[in-house]
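Coordinates in review
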Amino acid sequence: MTPTSIAVLGEALVDEFHDGQVAGGAPFNVARSLAALGVPALFVSRIGADDYNGRLVMQSAQRYGLALHGLQRDAARATGRVSVNERPGGGHDFVIHPDAAWDHLDAAATRAALAEARPGLLYFGSLAQRHPVSRATVRAAAKGFAGPRLLDLNLRPGTDTAELAAESLMLADWVKVNDEELARLAGWFGHAAQGEAAQAAALMDRFALQRLVLTRGAEGWRLYGQGGAVLAEGAGQAQPQLVDTVGAGDAFTALLLAGLALGRDLPATLALANRYAAFICGLRGPLPAHPQALAPWRDALQVLPPSSAS
């Protein structure tokens, strides 16, 4: 079947590690994965008009086969930067530098790109809403979108507030969160004393969500439906040669979206997404240096069984 195209809205930036720079940003990671997995993606972001980091972003997009027509250029502001500090024993701290080009997504250009591409699914996150300009653009796009909208909640400093989370959740049909994010949401909205399933059910009921996808690190993943029903779940996937966890959640989201776009069986898609995320943990940064490394994942996605709902 011809895959449904997916609109991906949000930040494109450069992650600065102690040993080099890597193009990143959760939406950009998702969009590049989608392109490499054979799913058409419209990536809407904003970079500096002519700076080194912007060139890194464009080169990476082209390497993965991601179209550039949704990428806006800003003559006044630079491409976004994130300083990544590795913690002893794993994990990372991030310093996300302010007032980047992606904070100023142009609403008219975004509207035009969506109208031309006519995507069937929309992905958006919370970090791209830290500045009023991009926040208004992202929310207008989500409000006007007729198809399913998936929110990948990314609670980072500057966007880790109950108000922003609630306003984003109200615009979503599906949400993907990790276990730490679910716990924070439960605390904000008065359900901290309840168990995981009750927390998921309360969140879904409050914001009229169709599905909640929960990633649980080494404990695996769960798919929740209305009423807190566990529709599917899977165990964690070990990565014996762990390098870093940057981009693992984005990889999971990308493969989930790809499965939805192709009409694949959802539990099988999520199980493959879990393995894909573990694969990314064995790499430096959010994606392999050579896109050909994703060919086996594209092939595995293609042979998943079709959805019974198709």
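Scope of this entry: the structure provided in the associated data block. (Residues numbered from 1 in each chain as written. Predicted model: local features only at pLDDT ≥ 70, side-chain atom pairs only at ≥ 80, totals over all residues. Heavy atoms only, no water.)

**Section: the packing of aromatic side chains**
Applied cut-off: In summary, the pairing rule links any two rings of Phe, Tyr or Trp, Trp by its six-membered ring, whose centres are within 6.5 Å, and it sorts them by plane angle into stacked for under 30 degrees, edge-to-face for over 60 and tilted for everything else. In this text, helices come from DSSP runs of H or I with a minimum length of four residues, and strands from runs of E with a minimum of two, each type numbered from the N-terminal end. Partly exposed describes any residue whose relative accessible area lies between the buried limit of under 20% and the exposed limit of over 50%, with all areas from a 1.4 Å probe on protein chains only and scaled to the type maximum. Two thresholds decide whether a charge sits over a ring: the Lys NZ or Arg CZ must be within 6 Å of the ring centre and within 35 degrees of the ring normal.
Scanning all chains against the criterion turns up 5 aromatic pairs. Where F279 meets W297, the ring centres are 5.4 Å apart and the plane angle is 40°; that geometry is what we call tilted. With F279 in helix 9 (residues 266-280) and W297 in helix 10 (residues 295-302), this pair connects stretches of sequence that are 18 residues apart. Overall, W297 belongs to the buried group, its relative accessible area being 14%. Three or more aromatic residues link up through ring pairs in this structure, and these residues are Y276, F279 and W297. The residue whose ring lies beneath R32 is Y64, and the NZ or CZ to ring-centre distance is 5.9 Å.

**Some points on the packing of helix 6 (residues 179-188) against helix 7 (residues 196-207)**
What counts is decided by this rule: Axis definition: a line fitted to C-alpha atoms, limited for helices to the stretch in contact. Angles are taken between N-to-C directions and run from 0 to 180 degrees. In this scheme the crossing of two helices becomes right-handed for a clockwise turn of the near helix relative to the far one and left-handed for an anticlockwise turn of less than a right angle. Residue contacts are counted whenever heavy atoms from the two residues lie within 4.5 Å of one another. In the scheme used here, Gly and all other residues not listed as nonpolar or charged are polar, with Ala, Val, Leu, Ile, Met, Phe, Trp, Tyr, Cys and Pro taken as nonpolar and Asp, Glu, Lys and Arg as charged.
Direction vectors running N to C along helix 6 and helix 7 enclose 65°, while the axes themselves pass 10 Å from each other. Relative to helix 7, helix 6 is oriented so that their crossing is left-handed. For the pair helix 6 and helix 7, the contacting residues are L182, A183, L185 and A186 in the first and E196, Q199, A200 and L203 in the second. Per-class residue counts for the contact of helix 6 with helix 7 are 6 nonpolar, 1 polar and 1 charged.

**Regarding the nonpolar core**
Basically, it comes down to this: Put simply, buried Ala, Val, Leu, Ile, Met, Phe, Trp, Tyr and Cys residues joined by side-chain atoms within 4.5 Å make one nonpolar core.
Of all hydrophobic cores here, the largest spans 57 residues; its most connected members are L34 and Y276. Per-element accounting of this core gives the leading share, 10 residues, to helix 8 (residues 248-262). Judged by nonpolar contacts, the second largest core, of 35 residues, contains A7, F145, A165 and A200.

**Section: unusual backbone geometry**
Even without a glycine there, the phi angle at R118 is positive, about 50°. Following the sequence through the fold, R118 ends up in the loop between helix 3 (107-117) and strand 8 (121-125). Phi at A208 takes a positive value of approximately 55°, unusual for a residue other than glycine. As for its position among the elements, A208 is in the loop between helix 7 and strand 11 (211-215). Take A208: its relative accessible area is 60%, and that puts it in the exposed class.

**Digging into the sheet that holds strand 1 (residues 6-9)**
Stated formally: A pair of strands counts as paired when DSSP detects no fewer than two bridges linking them.
The strand order across the open sheet formed by 9 strands is 5-4-1-8-9-10-11-12-13, and the pairing between neighbours is mixed. With partners counted over all chains shown, the strands left at the sheet margins are strand 5 (71-74) and strand 13 (230-234), one partner each. For this sheet, the mean angle separating the axes of adjacent strands, direction not counted, is 15°. Where strand 10 (residues 174-178) lies against strand 11, 5 bridges are found, and the strand directions are parallel. Directly across from V175, in strand 11, lies its bridge partner L212. Packed onto the sheet, helix 3 meets strand 1, strand 4 (41-48) and strand 5 and runs at close to 160° relative to strand 4.

**Re the side chain of R222**
So the rule is basically this: Counting of polar contacts relies on pairs of N or O atoms within 3.5 Å, with two restrictions inside protein: one atom must be capable of donating a hydrogen and the other of accepting it, and residues adjacent in sequence are counted only when both atoms are side-chain atoms.
With respect to the helices and strands, R222 occurs in strand 12 (residues 221-224). Separated by 2.8 Å, the side chains of R222 and E233 make a polar contact. Residues within four places of R222 in sequence aside, it is in contact with E196, L212, V213, L214, R216, V230, A232 and E233.

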